[in-house]
2 protein chains.
Amino acid sequence: MLRIPLTQETLNSRDLEELAATRRRCAQWIIECTTLAGSGHPGGSLSSLDFLMLIYAMANHDPANPRRMDRDRIVISHGHVSPGVYAVLADAGYFDPTRMVVEFRRAGALFSGHVESVVPGVEWSTGNLGQGLSAGCGMALASRLRGGGARAIVCMGDGEQQKGQIGEARRFAVKYGLHNLCAVVDVNGLQIGGETSKIMPQDIAANWRGDGWNVIETDGHDLPELHRALRRALTVPAGSAPTAVLARTVMGKGVPFMENKAKFHGSAASHEQAAEAFAHLGVENRLAKLAEQRKQHKPSPREHHYFEAPAAVLNPGTPRDYDASASTDCRSAYGAALDDLARLNNLPGVPPRVIGFSCDLQGSVKMDAFEKTSPAAFYEAGIQEHHTAVCAGALSREGHAVFFSTFGVFAIAESYNQQRLNAINGARLKVCMTHVGLDVGEDGPTHQNIDYVGLASGMLDFHLFVPADPNQTDRAVRHMASSSRPEILAMGRSKVPVLTRENGAAAYAGDWRFVPGQADVLREGRDVAIIAMGCMVCRALEAWKLLRGKGIHARVINMASVIPLDRGAVLAAARETRAIITYEDHNIHTGLGALTANALAEAGISTRFLKMGVTRFGSSGVPDELFAEQGLSPADLANAAIKLLG
Amino acid sequence: MLRIPLTQETLNSRDLEELAATRRRCAQWIIECTTLAGSGHPGGSLSSLDFLMLIYAMANHDPANPRRMDRDRIVISHGHVSPGVYAVLADAGYFDPTRMVVEFRRAGALFSGHVESVVPGVEWSTGNLGQGLSAGCGMALASRLRGGGARAIVCMGDGEQQKGQIGEARRFAVKYGLHNLCAVVDVNGLQIGGETSKIMPQDIAANWRGDGWNVIETDGHDLPELHRALRRALTVPAGSAPTAVLARTVMGKGVPFMENKAKFHGSAASHEQAAEAFAHLGVENRLAKLAEQRKQHKPSPREHHYFEAPAAVLNPGTPRDYDASASTDCRSAYGAALDDLARLNNLPGVPPRVIGFSCDLQGSVKMDAFEKTSPAAFYEAGIQEHHTAVCAGALSREGHAVFFSTFGVFAIAESYNQQRLNAINGARLKVCMTHVGLDVGEDGPTHQNIDYVGLASGMLDFHLFVPADPNQTDRAVRHMASSSRPEILAMGRSKVPVLTRENGAAAYAGDWRFVPGQADVLREGRDVAIIAMGCMVCRALEAWKLLRGKGIHARVINMASVIPLDRGAVLAAARETRAIITYEDHNIHTGLGALTANALAEAGISTRFLKMGVTRFGSSGVPDELFAEQGLSPADLANAAIKLLG
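Conventions and cut-offs
Residues numbered from 1 in each chain as written. Chains lettered and ligands numbered in written order. Predicted model: local features only at pLDDT ≥ 70, side-chain atom pairs only at ≥ 80, totals over all residues. Heavy atoms only, no water. Helix = DSSP H or I, 4+ residues; strand = E, 2+ residues; numbered from the N terminus. Rg over C-alpha atoms; globule rule 2.2 N^0.38 Å. Buried < 20%, exposed > 50% of the residue type's maximum accessible area, 1.4 Å probe, protein only. Contact = heavy atoms within 4.5 Å. Areas by Shrake-Rupley, 256 points an atom, 1.4 Å probe, with all protein chains shown as cover. Lys, Arg positive; Asp, Glu negative; His and termini not counted. Charge placed at Lys NZ, Arg CZ, Asp CG, Glu CD. Expected span 1.5 Å × (residues − 1). Bend = angle between axes of the 7 residues up to and from the residue. Least-squares fit on C-alpha atoms with pLDDT ≥ 70 in both. Axes fitted to C-alpha atoms, helices over the stretch in contact; angles between N-to-C directions. Parallel < 35°, antiparallel > 145°, perpendicular 65-115°, else oblique. Buried area = accessible area lost by both parts, 1.4 Å probe. Salt bridge = Lys/Arg side-chain N within 4 Å of Asp/Glu carboxyl O. Polar contact = N/O pair within 3.5 Å; in protein donor to acceptor, adjacent residues only side chain to side chain. Nonpolar A, V, L, I, M, F, W, Y, C, P; charged D, E, K, R; others polar. Phe/Tyr/Trp six-rings, centres within 6.5 Å; stacked < 30°, edge-to-face > 60°. Pairing = 2+ DSSP bridges. pLDDT = per-residue confidence, 0-100. Left-handed = near helix turned anticlockwise from the far one by under 90°. Arc of directions from axis to C-beta. Core = buried A, V, L, I, M, F, W, Y, C linked by side-chain atoms within 4.5 Å.

Draft legend 1. Region of interest: the overall build of chain A. In terms of regular secondary structure, chain A is built from 23 helices and 21 strands. The C-alpha atoms of chain A give a radius of gyration of 28 Å, which matches the 26 Å a tight globule of 646 residues would have. When the 646 residues of chain A are sorted by exposure, 70% land in the buried category. Once local pairs closer than 6 in sequence are excluded, the contacts in chain A between residues at least 24 apart make up 78%. Of the roughly 18900 Å² of accessible surface on chain A, 50% is carried by carbon and sulfur atoms. In chain A, which carries 65 positive and 67 negative side-chain charges, the distance between the mean positions of the two groups comes to 3 Å.

Spelled out as structure tokens, the structure:
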């Protein structure tokens, strides 16, 4: 493929000839793959094609080694232009173009309708618009942390500019001086519904400039002009604001019947139309042959749904012990453990391995010590959770252990879809969120994150831990440091006692280790099993005491590993006790109780079973009163156990 | 309270005297309530206080009748300044100030840490930042639809300006010419983490201007200047862009030790500090007395967690019948039914009762006919789902039946938190989402909405219906038209056959009516029960046929009402058949299978039970192949049934 060094100031005639030939080939493949699939997005693929060709010619990347760490990251934020991207990647030698054409939009194949990072050369799975610039920020940060010169180049659509998250990413990029980031916008003036100016009038240049970016407006098909603009955007000196290239283009460019037709944003040409396109392009019509190939060919099954990123496995250090007299909360224990990780793993003279992100809640989420220890590894991203979730997710794929902390309601409810897409992208993010449940207290219903178990369950890849005291929190954080999975740690706001065994010894101190999928039986008993998590475990122990006073022996199970659940502990409880109660600061529909119910039903085991948890948003007050309002006090639990046992 | 008519051009000296007295009273209550609660946000309350006083003096509202339809809607987007808002509302006569001070941040009371719409005079529960302007857009639209002159006035913080959703709302407001909307921003330069200019540098004025708003920058404590600015913002003529007032203020204004201290963004003065504040204000220190009252006083329990909005109950019209030869998809049936509703309920000369919102997917979600029938009732909000969810939600509380349609992944995953807050606010939104499940087909994993049951469950108030064919869809839509609940309708993308009874008659045509909480037994059988929803029901019928060929009699249950679930049908299946299989185009962790498992476990019933559903994100291809990839074909189902029966 053509390579144009950044030192080259202008395109020469040989470049232009070669680009014209490339364009013809790529346009052919774009038409072929969409027409054969009977769906897809040829229009935007053709409007973006010129800048895609130039970017892949100018950027540093290696088709023979698609994941080389020093490569420029090219993020396709408008993921529906996959035919154009696949065509340019095929032309660059990443894969066989015919394979792409034959496998496009076929079950099990790599070549999805929206670009996916399973495809060699694709950095980030997109399709949900407005997220690519945030991912690019994370990649540009990673490059700077490594000390390399790699750039992040984010290609976007113009309809996409309507998404608010882009403004958040722009501001973050300016705050952190990401001159090695640039954006290229395909301004073809059309989106699915019609003219962008009618669907949602917007002054795109004013939006970018308003957030402090340099803007270059250019013709997106005049190759010399476009090259000059891209070259400027790719060579912004340190200290300058990043640059956005707004490329005026024509939807369907180069295929006359497609030009400026919104219809071809999201639909393929018919076979007859395709024939007309090939004739216009002066290329062979291979549709019949390719259709036959497509029919015969069985795509080899893809093994991963995301690419394997380099893992950061940290030295977890020595656990801290909190003795039974300690008076603290889990989030402070998290902050202390995170600080330990920074001291052990972020060493002078080498790039920091542990990174922290906060969204204007640094003090509440206890990241102050971390910032003090490792200021260059801490990012304060403002009240911009959508952006931050994606940016942190992308950075977590670059060999750093990234801890993103904010309140549960912002980390996983406000940013649910961003976290879901992080998981799809194989991000290894550590979401350490605080203030979950009614335990958020006086902040009231809008801040009550009583749905995080269900949300985490829905994202499929994240594990979820809900520690019950500071010792367990400390050990959960150290486990996360030595794991490369995406994981969520959920913590309340309030102080909790250090939990003890019956003999009074701290339950999770000393040599105790956190193991995912492993529950802890804090109290043994054969009458009823109480399964609890987080801040409810200490309350379950109070109920245990009340019950013991009445001669009832409860087993108290601390299910700190919620995903994966310790099904063995549930089934043992069903076999060995007479009733099971789940007890949680979470809604009863999708929380610990629901997961427990599933374990029971799937095992075909019946037992007396009761879910105690949140059934409606609470009011604003101290947690114990909020729990009492919903019948969740220790006394309520004890009474419910007595009643359940009959 | 002081009233300043909008005809009055400048404040006179009596106004100024009265405002000074009001300010002193309100500042006292702000300090009192936060110090007594030991938490809260006095700093922003004091910086916003002057514009809050003026707005409530200038706006049209009636403390004696807080929900009068012609009132101006004052939305407090920075909901943490609740002490300031409550103080001004108390001063206006909405409730007794001492009651507020005594009940602030107490479990069960009205006076939450963040403003809630249960409080007389509060329009929208906030606290999660960045959403108020969207709610204001919905209210301003409602006013225009009614033909009244009511305004929507949105008060915001400056840290909050970082949220991207605000840009989406700004653009929507300009597109739809909402001159009766205005924004007032408290630019105190501080947020929780410190100086706004350090947390996230931002040119707020440029952001507003860039999206086409008029901006007035003013001193937020110079009352005559502030009054002039607000007056201009409140009297923007039709055809002009809406106005944002950026009010430069001082955090903690009027209480010297609080001024310009970020600490007092989110923490209360000590009793000693409060005494100092009262001395400075020249007011009595009533803390001891109030603390005693607070101790004695038991707040009367709140009955609702949201305010009862006027309901729009439509004429549902006559159901359409699709006969067994029809070849269509559920979303087309939705579009046709919605069009019927528009014809019946949006009558010439009166405000439309049925409103539609789309996010650039009007054709895909089948709203074209609706728009043609009722163009003035259709809003194309662009690729701005966060904004649209809130805007549509707010409009749904104003006596209109609002249908918001986009793909499932955008309607409920991307906008999860917005929908959750809609529910908290008592919105009666109808979320009619399409392209759910692997049935989205070639769009690939980023578009696979395989978590909507879990998400809907987490929002607590929404009902969720997943119809299985066009007839059932039509009837579900007509049910929604005659219900005032928040409801979600989930539809796939693909065509589905019209479902029939064993005798060949269309199952859901004619007199059949959709009833929430009521499943339909499509095929009777006593060997195994297959519980399915949506596009899997027709596949379950194929499996039924395969099983019958082997002498196995399956009961096929169409669980179109997923929330509420028909528990009776589940328990009957457990009693009357030998095994239950749930079969769904949704993840198995939080979907129909999980809800069924819960029903079984909670009833203490054990049976052979198998959940068949999505276990990982699929690839990009035709739905039948995506189902086969995950072992979800009808043949897989039949085989699983045989195996389960042993």
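Next comes the rest of the account.
Draft legend 2. Looking closely at helix α2 (residues 42–58) of chain A. Residues and elements named next belong to chain A. Look at α2: 24 Å from first C-alpha to last across 17 residues, which is about the 24 Å you get at 1.5 Å a residue. Along its length, α2 reaches its greatest deviation from straightness, about 50 degrees, at L49. Counting buried positions along α2 yields 17 of 17 residues, so the element is predominantly enclosed.

Draft legend 3. Representation of the relation of the copies chain A and chain B within the structure. In the superposition of chain A on chain B (RMSD 0.0 Å, axial shift 0.0 Å), the rotation amounts to 180 degrees. Taken together, the turn and the small shift mark the pair as related by a two-fold rotation axis. If distances are taken from each C-alpha of chain A to the rotation axis, the shortest is found for G164 of chain A, at 1.9 Å.

Draft legend 4. Structural detail: the packing of helix α21 (residues 592–603) of chain A against helix α21 (residues 592–603) of chain B. At a closest axis distance of 8 Å, the pairing of α21 of chain A and α21 of chain B adopts a crossing angle of 80 degrees. In terms of axis orientation, α21 of chain A runs roughly perpendicular to α21 of chain B. Contacts from G593, A594, A597, N598 and A601 of chain A in α21 of chain A reach G593, A594, A597, N598, L600 and A601 of chain B in α21 of chain B.

Draft legend 5. Quick look at the interface of chain A and chain B. Chain A puts 99 residues into the contact, and the matching count from chain B is 101 residues. The contact between chain A and chain B buries some 7600 Å² in all, and 56% of this surface belongs to carbon and sulfur atoms. Connecting chain A to chain B are eight salt bridges. A salt bridge links K611 of chain B to E602 of chain A, with the shortest nitrogen-to-oxygen separation between them at 3.3 Å. On the surface where chain A and chain B come into contact, there are 55 residue pairs in polar contact (both at pLDDT 80 or more). Taken together, the residues that form the side of chain A that touches chain B break down as 30 nonpolar, 44 polar and 25 charged.

Draft legend 6. Region of interest: the packing of aromatic side chains. All names here are of chain B. Applying the stated rule across the entire model yields 29 aromatic pairs over all chains. When the centroid spacing of 6.2 Å and the interplanar angle of 75 degrees are considered together, the rings of Y86 and F104 count as edge-to-face. Of the two residues, Y86 is situated in helix α3 (residues 82–92) and F104 in the loop between α4 (97–103) and α5 (132–146); the sequence distance between them amounts to 18 residues. Just as Y86 is buried, F104 falls in that class too. Measuring from ring centre to ring centre gives 6.3 Å for F172 and F357, while their planes differ by 25 degrees; the resulting arrangement is stacked. Placement of F172 in helix α6 (residues 165–175) and of F357 in strand β9 (residues 354–358) is noted, with a sequence separation of 185 residues between them.

Draft legend 7. The pairing of strand β12 (residues 430–433) of chain A, seen in detail. Residue and element names in this part refer to chain A. The alternating pattern of β12 places K430 and C432 on one face and V431 and M433 on the opposite face, and all of these are buried. One ladder, built from two bridges, connects strand β11 (residues 401–405) with β12; its direction is parallel. Bridge pairing in β12 links F403 to K430. Sheet topology places β12 next to strand β14 (residues 487–490); four bridges connect them, and they run parallel. Bridge pairing in β14 links C432 to L489.

Draft legend 8. Layout of the sheet that holds strand β14 (residues 487–490) of chain B. All names here are of chain B. Ordered by their spatial adjacency, seven strands build an open sheet running β10-β9-β11-β12-β14-β13-β19, and the pairing between neighbours is mixed. Each of the sheet's edge strands pairs with one partner strand only, and the pair in question is β10 (378–380) and β19 (561–563). Neighbour-to-neighbour, the strand axes of the sheet open up by a mean angle of 20 degrees, direction not taken into account. Relative to β14, strand β13 (residues 463–465) is paired through three bridges, and the arrangement is parallel. Looking at the pairing, F465 lines up with L489 of β14. Contacts from helix α18 (residues 470–481) reach β11 (401–405), β12 (430–433), β13 and β14, with the element oriented near 165 degrees to β14.

Draft legend 9. Structural context of the confidence of the model for chain A. Across chain A, the average pLDDT comes to 96, with 99% of residues at 70 or higher. Overall fold confidence (pTM) sits at 0.98, and the ipTM for the predicted complex is 0.97.

Draft legend 10. Looking closely at unusual backbone geometry. For the peptide bond that leads from I563 of chain A to P564 of chain A, omega is 0 degrees, which places it in the cis range. Locating P564 of chain A in the fold gives a position in the loop between β19 (561–563) and α20 (567–576). Of note in the backbone geometry, D360 of chain B takes a positive phi value of approximately 55 degrees without being a glycine. Assignment of secondary structure puts D360 of chain B in the loop between β9 and α13 (368–373). For D360 of chain B, a relative accessible area of 3% gives the class buried. For K366 of chain B, which is not a glycine, the phi torsion comes out positive at approximately 65 degrees. Note on placement: K366 of chain B falls in the loop between β9 and α13.

Draft legend 11. Structural view of the pattern of salt bridges. All names here are of chain A. Counted according to the given criterion, the structure contains 73 salt bridges over all chains. In this structure, E292 engages K295 in a salt bridge whose closest nitrogen and oxygen atoms are separated by 3.8 Å. Highlighted residues: E292 and K295, both in helix α11 (residues 287–296), separated by three residues, approximately one helical turn. Accessibility expressed as a relative area gives 64% for K295, which makes it exposed. Close ionic contact of D520 with R501 constitutes a salt bridge, the shortest N to O distance being 2.9 Å.

Draft legend 12. Focus on the packing of helix α19 (residues 537–549) of chain A against helix α23 (residues 634–645) of chain A. Residue and element names in this part refer to chain A. α23 packs onto α19 with a crossing angle of 50 degrees between their chain directions and a minimal axis gap of 8 Å. Classified by the angle their axes make, α19 and α23 are oblique. Crossing angle aside, the handedness with which α19 passes α23 is right-handed. Contacts from R539, A540, E542, A543, L546 and L547 of α19 reach α23 at P634, A635, L637, A638, A641 and I642. Tallied by class, residues from the contact of α19 with α23 come to 10 nonpolar, no polar and two charged.

Draft legend 13. Main features of helix α11 (residues 287–296) of chain B. Residue and element names in this part refer to chain B. Among the residues making up α11, those that are buried are L287, L290 and R294. Within α11, the buried residues cover an arc of 65 degrees as seen down the axis, which keeps them to one side. Residues of α11 that are exposed and angled more than 90 degrees away from the buried face: A288, K295 and Q296. On its buried face, α11 is in contact with α1 (13–37), α4 and α10 (271–281).

Draft legend 14. Looking closely at the sheet that holds strand β16 (residues 520–523) of chain B. Residue and element names in this part refer to chain B. Read from one edge to the other, the open sheet built from five strands follows the order β16-β18-β17-β20-β21, with strand pairing classed as mixed. Pairing within the sheet leaves two strands with one partner each, and these edge strands are β16 and β21 (608–614). Each strand of the sheet is rotated relative to its neighbour by a mean of 25 degrees, with strand direction disregarded. Two elements, β16 and strand β18 (residues 554–558), share three bridges in a ladder whose sense is antiparallel. Among the inter-strand pairings, V521 is bridged to a residue of β18, identified as I557. Packing against the sheet, helix α20 (residues 567–576) makes contact with β17 (528–532), β18 and β20 (579–587), and its axis sits at approximately 175 degrees to β18. Along the sheet face, α21 touches β17, β20 and β21 and points at about 145 degrees away from the line of β20.

Draft legend 15. Region of the structure containing the nonpolar core. Ranked by internal contacts, the top residues of the largest apolar core, which has 314 residues, are F172, W208 and F357 of chain A together with F172, W208 and F357 of chain B. Look past the residues within four positions of F357 of chain B in its chain and what remains in contact with it is L141, F172, M367, Y379, T388, C391, A392, L395, V402, F403, F404 and S405 of chain B.

Draft legend 16. Molecular detail of the environment of D461 of chain A. Residues and elements named next belong to chain A. Here D461 is to be found in the loop between α17 (452–458) and β13 (463–465). With a relative accessible area of 12%, D461 lands in the buried category. In sequence terms D461 and R485 are 24 residues apart; their C-alpha atoms lie 8.3 Å from each other.

Draft legend 17. Expanded view of the environment of V187 of chain B. Residues and elements named next belong to chain B. Tracing the chain through its elements places V187 in strand β3 (residues 181–187). For the pair V187 and N558, spaced 371 residues apart in sequence, the C-alpha separation works out to 55 Å. Dropping the residues within four chain positions of it, V187 is found in contact with D158, L246, A247, R248 and T249.

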